[in-house]
Amino acid sequence: MNDFNVPKREEVSATNQAIFDNLEKAVGFVPNLYATYAYSENALQNYLALSNAKTTLSAKEKEVVNLAVSQVNDCSYCLAAHTAIGKMNGFTDSQILELRSGKASFDTKLDALARLAKNITENRGATDKAVIADFFSAGWSKGNLVDTIVLVGDKTISNYLHKTTDVPVDFPAAQTLEAIEA
């Protein structure tokens, strides 16, 4: 049973109502998970500031991290959302499944990024030194490493919020990984 209903615009603060209005204009709707952040007076604004902050990672590279982290954390909401966003960033269905598994055989640099994001998440920051060395060997910088860790934290926040509240997923469901493991 779901104890968390998705709050409607009239149920949130004036600050969050303004954010809802901006999301409606930009995205066409207010994603349920973003609406759930609005139970807090500040969390939605703070999360969006973190999520939209400047980074050395491109939008496509960010999706590599988002997909790997969301898979490790088994977040059905974020897997669905980032599958859709990954497609908008040019990834194919099979590439998205591979990225979720923490690999990218189709791109050496993205492979190192996916492996790093998966390893950081699985090991709760006690990252394997060989994975870090491979990341740098693939051409990434120390700044990229720091930005990747920040993004892992960003995505983990949303993963945990959904897994705790279990609000309905309002994106097309993501394929299961068994589709490529079979």
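Above this text you will find the structure in question.
Below or above, wherever it landed, is the structure these notes cover.

Analysis parameters
- Residues numbered from 1 in each chain as written.
- Predicted model: local features only at pLDDT ≥ 70, side-chain atom pairs only at ≥ 80, totals over all residues.
- Heavy atoms only, no water.
- 1 Å grid on protein atoms, 1.4 Å probe; cavity = no way out; pocket = protein on both sides within 12 Å on 5 of 7 lines; lining within 4 Å.
- Points joined across faces, edges and corners; volume = space filled by probe spheres on them.
- Helix = DSSP H or I, 4+ residues; strand = E, 2+ residues; numbered from the N terminus.
- Nonpolar A, V, L, I, M, F, W, Y, C, P; charged D, E, K, R; others polar.
- Phe/Tyr/Trp six-rings, centres within 6.5 Å; stacked < 30°, edge-to-face > 60°.
- Buried < 20%, exposed > 50% of the residue type's maximum accessible area, 1.4 Å probe, protein only.
- Lys NZ or Arg CZ within 6 Å of the ring centre and 35° of its normal.
- Arc of directions from axis to C-beta.
- Polar contact = N/O pair within 3.5 Å; in protein donor to acceptor, adjacent residues only side chain to side chain.

**Considering the layout of surface pockets**
Item 1. Computed from the structure, the largest pocket encloses a volume of approximately 530 Å³.
Item 2. Forming the boundary of the largest pocket are 26 residues, of which Tyr34, Ser51, Glu63, His82 and Ile85 lie nearest the centre.
Item 3. Looking at the lining of the largest pocket, the elements with two or more residues in it are helix H1 (14-27), helix H2 (32-37), helix H3 (43-51), helix H4 (59-72), helix H5 (76-88) and helix H9 (142-165).
Item 4. For the lining of the largest pocket, the leading source of residues is H5, giving 7 residues.
Item 5. Residue classes in the lining of the largest pocket are distributed as 17 nonpolar, 5 polar and 4 charged.

**Some points on the packing of aromatic side chains**
Item 1. Following the criterion strictly, the structure yields 8 aromatic pairs and no others.
Item 2. Between the aromatic rings of Tyr77 and Phe171, the centroid separation amounts to 5.8 Å while the plane-to-plane angle is 90°, which identifies the pairing as edge-to-face. A residue pair is termed long-range when its members are at least 10 positions apart, and Tyr77 in helix H5 and Phe171 in the loop between H9 and helix H10 (178-181) qualify at 94 residues.
Item 3. Relative accessible area serves as the criterion here: at 3%, Tyr77 is assigned to the buried category.
Item 4. With centroids separated by 6.1 Å and ring planes inclined at 65°, the aromatic side chains of Phe91 and Phe106 adopt a geometry described as edge-to-face. Taken together, the positions of Phe91 in the loop between H5 and helix H6 (93-100) and Phe106 in the loop between H6 and helix H7 (108-122) put the pair 15 residues apart, joining distant regions of the chain.
Item 5. Judged by its relative accessible area of 4%, Phe91 is buried.
Item 6. Take Phe106: its relative accessible area is 32%, and that puts it in the partly exposed class.
Item 7. Grouping aromatic residues by their ring pairs yields a cluster made of Phe29, Tyr77 and Phe171.
Item 8. Sitting over the ring of Phe91, Lys60 keeps its end group 4.8 Å from the ring centre.
Item 9. Here the basic side chain of Lys109 rests over the ring of Trp140, its NZ or CZ set 4.6 Å away from the ring centre.

**What about helix H8 (residues 129-137)?**
Item 1. For H8, the complete set of buried residues consists of Val131, Ile132 and Phe135. The arc that holds every buried residue of H8, seen down its axis, measures 100°, which confines them to one face. Those residues of H8 that are exposed and angled more than 90 degrees off the buried face are Lys129 and Ser137.
Item 2. One side-chain oxygen of the residue at the start of H8 lies 2.7 Å from the amide nitrogen of Ala130, identifying that residue as Asp128.
Item 3. Directly after H8, the chain includes Gly139, whose backbone phi takes a positive value near 105°.

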